[in-house]
Amino acid sequence: MSDLSQLRLGTAPDSWGVWFASDPHQVTWDVYLDEIARVGYVYTELGPQGFMPQDPEQLKDELDQRGLTVCGGTVFAGLHQGAEALDKAIVDFGREARLLAAVGAEYLVHLPEQYTDMRTGEATEAGDIDPEQWKNLVTGTDQLAKIIYEEHGVKLVFHPHVDTHVDTQQRIERFLSDTDPTLVNLCLDTGHIAYCEGDNIEIVERFPDRVTYVHLKSVDPVVRARALAEQMPLSEAVKLGVMCEPPYGEPDMPPLLDALGTLDREIFAVIEQDLYPVTPDVPLPIGARTAGYYVGCGLGPVRRWPY
């Protein structure tokens, strides 16, 4: 039986067009926090590393002023590149994990590095990796997750992503089969999986114990078809609106939410809609409509905020 009350609705700076720690085409962290509080969100991710205040006491104060709680953070790493990349990731993820632990959050989302530039879309490396690089990726992820948990009590969740080496359903399932389930679990990003024509519900049903964190994201099927046909980089597809509001995109959310509800445990379900670059007046109404949609589906919490 599905229990949607265990899905904890949140949002992320990505839904406000934030892809970088600092960029003139993005809102600032204080505007983001003010606006998600106005909508009524309770949970938020930290966004790109360095976007939010890095001093734990300042961050706690800013969150408390707005009645907000951090549910997770995100960091990129190219672990397929080997030992040097792992060493760098241990430092970067460790810094983020310390901040997360200080504000009471327990999930750190591992984003694999894209092989296209996030601003220009230009290819930065090959779209396929060899067996040695795959081994680096899976063993490196296991090692990174072990260190982060043992040193900070923070759990690593891996995020499949368009324009990376873990994008399709086949690659996601291989990654889950090759990594240690006691250390590494999945951030099920519904939009990235749908973009690559994967079946989100099938992944949930095949790996129910590995789905411990969720990004709720929707894909416009018409824009996706064009992007795939033209082999378009993700950054260009996002500018064309490939990520859209949930009533108008894929996957079909109600049956997917029901599948997640059958997992019978508390799971953060964080709304994302890639908007970079975007004018600052655009994200707030989208964020409000999207929150309303998911509340209508039975998710929460969302509250009225006395602004």
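As a reminder, the structure under discussion sits directly above these lines.
If you're wondering where the values come from, they're calculated on a predicted model, not measured in any experiment.

*Asks:* Quick one: what's the story with the overall build of the chain, residue by residue and with numbers?
*Replies:* Within the chain, the regular secondary structure consists of 11 helices and 10 strands. Taken along the three principal axes of its C-alpha coordinates, the chain extends 55 × 45 × 45 Å. Within the chain, the proportion of its 307 residues that are buried is 56%. For the chain, the accessible area works out to roughly 12800 Å², and carbon and sulfur atoms hold 49% of it. Placing the 23 positive and 50 negative side-chain charges of the chain at their respective mean positions leaves the two points 3 Å apart.

*Asks:* Describe in detail the pairing of strand β1 (residues 7–11), supporting the description with residues and values.
*Replies:* Most of β1 is tucked away, with four of its five residues classed as buried. Where β1 lies against strand β10 (residues 267–271), five bridges are found, and the strand directions are parallel. Residue pairing across strands places Leu9 opposite Ala269, the latter belonging to β10. In the sheet, β1 pairs with strand β2 (residues 43–45) via two bridges, with the strands oriented parallel. When the bridges of β2 are listed, Thr11 appears paired with Thr44. Note on the crossover from β1 through helix α1 (residues 29–39) to β2: the handedness is right-handed.

*Asks:* Let's hear about the pattern of salt bridges: which residues, and what values?
*Replies:* Pairing between side chains of opposite charge can happen when their charged atoms approach one another. Within this structure, the stated rule accounts for 21 salt bridges. Between Asp167 and Arg171 there is a salt bridge, with its nearest N and O atoms 3.1 Å apart. Arg171 gets classed as partly exposed once you look at its relative accessible area, which sits at 22%. As a salt-bridge pair, Asp189 and Lys217 come within 3.6 Å of each other at their nearest N and O atoms. Of this pair, Asp189 sits in strand β6 (residues 184–189) while Lys217 sits in the loop between β7 (211–216) and β8 (218–219), placing them 28 residues apart in sequence. Given a relative accessible area of 2%, Lys217 falls into the buried group. When salt bridges that share partners are traced, they join Asp14, Asp189, Lys217, Glu272 and Asp274 into one network.

*Asks:* How would you summarise the pairing of strand β5 (residues 155–158) if you had to cite specific residues and measurements?
*Replies:* Bridge count between strand β4 (residues 107–112) and β5: four bridges; the pairing is parallel. Bridge pairing in β5 links Val109 to Val157. Note that β5 and β6 share three bridges and pair parallel. Following the sheet pairing, Phe158 is matched in β6 by Leu186. Regarding topology, helix α5 (residues 169–178) serves as the crossover connection from β5 to the parallel β6, and that connection is right-handed.

*Asks:* Provide a residue-level description of the nonpolar core, including the pertinent values.
*Replies:* With 66 residues, the main nonpolar core has Phe93, Phe175, Leu188, Leu216, Leu260 and Leu299 as its most contacted residues. With residues up to four places along the chain from it excluded, the contact list for Leu216 reads Leu9, Thr190, Met253, Leu257, Ala269, Val270, Ile271, Glu272, Tyr294 and Leu299. Ranked by size, the runner-up nonpolar core spans 17 residues in total, among them Trp19, Ala237, Met243 and Tyr276.

*Asks:* Lay out helix α2 (residues 56–66) in plain terms, naming residues and giving numbers.
*Replies:* Of all the positions in α2, only Leu59, Glu62, Leu63 and Arg66 are classed as buried. Buried positions in α2, seen along its axis, are confined to an arc of 95 degrees and lie on one side of it. Of the exposed residues in α2, the ones pointing more than 90 degrees away from its buried face are Glu57 and Asp64. Looking at the buried side of α2, the elements it contacts are α1, β2, β3 (69–77) and α3 (83–102). The first or second residue beyond α2 is Gly67, which carries a positive phi of 70 degrees.

*Asks:* How would you sum up the packing of α3 against helix α4 (residues 131–152)? Please name residues and give values.
*Replies:* In the contact formed by α3 and α4, the axes pass within 10 Å of each other and the chain directions differ by 35 degrees. Crossing handedness for the pair α3 and α4: right-handed. From α3, Leu86, Ala89, Ile90, Phe93, Gly94, Ala97, Arg98 and Ala101 reach across to α4, where they touch Gly140, Gln143, Leu144, Ile147, Ile148 and His152. Its residues placed into classes, the contact of α3 with α4 shows nine nonpolar, four polar and one charged.

*Asks:* Account for the environment of Pro246, naming residues and giving values.
*Replies:* Along the chain, Pro246 turns up in the loop between β9 (243–244) and α10 (253–261). Taking the C-alpha atoms as reference, Pro246 lies 9.2 Å from Asp220; in sequence the two are 26 residues apart. Setting aside residues up to four positions removed in sequence, Pro246 forms contacts with Ser218, Met253, Thr290, Tyr293 and Tyr294.

*Asks:* Which residues make up the side chain of Asp23, and what values do they have?
*Replies:* Tracing the chain through its elements places Asp23 in the loop between β1 and α1. From its side chain, Asp23 meets the backbone nitrogen of His25 in a polar contact 2.7 Å long. Beyond its immediate chain neighbours, meaning those up to four positions away, Asp23 contacts Arg119 and Tyr276.

The rules we used
- Residues numbered from 1 in each chain as written.
- Predicted model: local features only at pLDDT ≥ 70, side-chain atom pairs only at ≥ 80, totals over all residues.
- Heavy atoms only, no water.
- Helix = DSSP H or I, 4+ residues; strand = E, 2+ residues; numbered from the N terminus.
- Buried < 20%, exposed > 50% of the residue type's maximum accessible area, 1.4 Å probe, protein only.
- Areas by Shrake-Rupley, 256 points an atom, 1.4 Å probe, with all protein chains shown as cover.
- Lys, Arg positive; Asp, Glu negative; His and termini not counted.
- Charge placed at Lys NZ, Arg CZ, Asp CG, Glu CD.
- Pairing = 2+ DSSP bridges.
- Right-handed = clockwise from strand over helix to strand, strands pointing away.
- Salt bridge = Lys/Arg side-chain N within 4 Å of Asp/Glu carboxyl O.
- Core = buried A, V, L, I, M, F, W, Y, C linked by side-chain atoms within 4.5 Å.
- Contact = heavy atoms within 4.5 Å.
- Arc of directions from axis to C-beta.
- Axes fitted to C-alpha atoms, helices over the stretch in contact; angles between N-to-C directions.
- Left-handed = near helix turned anticlockwise from the far one by under 90°.
- Nonpolar A, V, L, I, M, F, W, Y, C, P; charged D, E, K, R; others polar.
- Polar contact = N/O pair within 3.5 Å; in protein donor to acceptor, adjacent residues only side chain to side chain.

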